[in-house]
Amino acid sequence: MDENPENHALTNIVQKRFQAIRSEKVIKQPTPLQEILGMTQQEREGFWQDQFKKCIKCYGCIDICPVYVEESDGLDLSKWVERGQVPPPFPLFHLLRAYQVWDTCVLCGECENTCPAQIPLKTIQDFVRYLPPEKVFEVIPGLENEARDEILNFVERRKKLPRGISYAV
Ligand code: SF4
Ligand code: SF4
């Protein structure tokens, strides 16, 4: 095995592998989060409608969550959704659920891993954690005003707690 004359620490084989890796086209798939951020409003509506209509209301995403509590500082899911009943139109169930663990979610991704419909629930948690609610309503559109107000009031109440929260934007 000859030492590479241009780079004395490397053999020709290693040099060739380095060159191959450098020239290789690395195709990076965008994450769902990046994809959604890059969509138009209309595309987002279509995307989430497709996602949420797959939901079979198994409540696995709630049961698996290590930090979920039934009632979270007045953001009571049972006011809107009862087990055994068909939840109201998207994205109420999914957003309320996400906000119930707004500041305790450990971003473990188990909700998404367990979802039989493969709804990007971790992405929803990321949005809820890192974006203010007004922005979340843009990236996950379709929430009626009453539910929006409920979430905004909930977030304001939680902001006053010592733990607080900061957004990425
Ligand atoms: S990512 Fe958050 S909401 Fe999902 S299971 Fe983990 S702690 Fe619960
Ligand atoms: S685990 Fe998936 S299918 Fe089941 S209720 Fe949650 S979002 Fe819907």
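The rules we used
Residues numbered from 1 in each chain as written. Chains lettered and ligands numbered in written order. Predicted model: local features only at pLDDT ≥ 70, side-chain atom pairs only at ≥ 80, totals over all residues. Heavy atoms only, no water. Near = heavy atom within 4 Å. Nonpolar A, V, L, I, M, F, W, Y, C, P; charged D, E, K, R; others polar. Helix = DSSP H or I, 4+ residues; strand = E, 2+ residues; numbered from the N terminus. Buried < 20%, exposed > 50% of the residue type's maximum accessible area, 1.4 Å probe, protein only. Contact = heavy atoms within 4.5 Å. Phe/Tyr/Trp six-rings, centres within 6.5 Å; stacked < 30°, edge-to-face > 60°. Expected span 1.5 Å × (residues − 1). Arc of directions from axis to C-beta.

Undergrad: Sorry if this is basic, but what is going on with the site of ligand 2 here?
TA: Lining the immediate environment of ligand 2, one finds Cys55, Ile56, Lys57, Cys58, Tyr59, Cys61, Phe93, His94, Cys115, Pro116, Ile119 and Leu121. Partitioning the shell around ligand 2 into residue classes produces 10 nonpolar, 1 polar and 1 charged.

Undergrad: How do you make sense of the site of ligand 1 when you look at a structure like this?
TA: The immediate surroundings of ligand 1 are formed by 13 residues, with Cys65, Cys105, Cys108, Gly109 and Cys111 found nearest. Taken together, the residues of the shell around ligand 1 sort by class into 9 nonpolar, 2 polar and 2 charged.

Undergrad: How should I be thinking about the side chain of Gln125 in this particular structure?
TA: Along the chain, Gln125 falls in helix α7 (residues 121-130). Since its relative accessible area comes to 3%, Gln125 is described here as buried. Sequence-distant contacts of Gln125, that is, excluding residues within four places in its chain, are made with Arg97, Ala98, Val101, Cys105, Leu107 and Cys111.

Undergrad: Even after reading the chapter, I still don't get the packing of aromatic side chains, so can you show me in this structure?
TA: Two descriptors summarise a pair of aromatic rings, namely the distance from one centre to the other and the angle between the planes of the rings. One pass over the full model with this rule turns up 4 aromatic pairs. Pairing Trp102 with Phe154 gives two aromatic rings, centres 6.3 Å apart and planes at 65 degrees, and the pair type is edge-to-face. With Trp102 in the loop between α5 (92-100) and α6 (110-114) and Phe154 in helix α9 (residues 145-159), this pair connects stretches of sequence that are 52 residues apart. Residue Trp102 shares its accessibility class with Phe154, and that shared class is buried. Among the aromatic residues, those joined into a ring-pair cluster are Phe47, Trp48 and Phe52.

Undergrad: Can you help me understand α9 in this one?
TA: For an α-helix, 3.6 residues make a turn, and residues three or four places apart therefore share a direction. With 15 residues, α9 extends 21 Å from end C-alpha to end C-alpha; this agrees with the ideal 21 Å at 1.5 Å per step. Among all positions in α9, only Ala147, Glu150, Ile151, Phe154, Val155 and Arg158 are buried. Down the axis of α9, the smallest arc covering the buried residues is 125 degrees, so these residues share one side.

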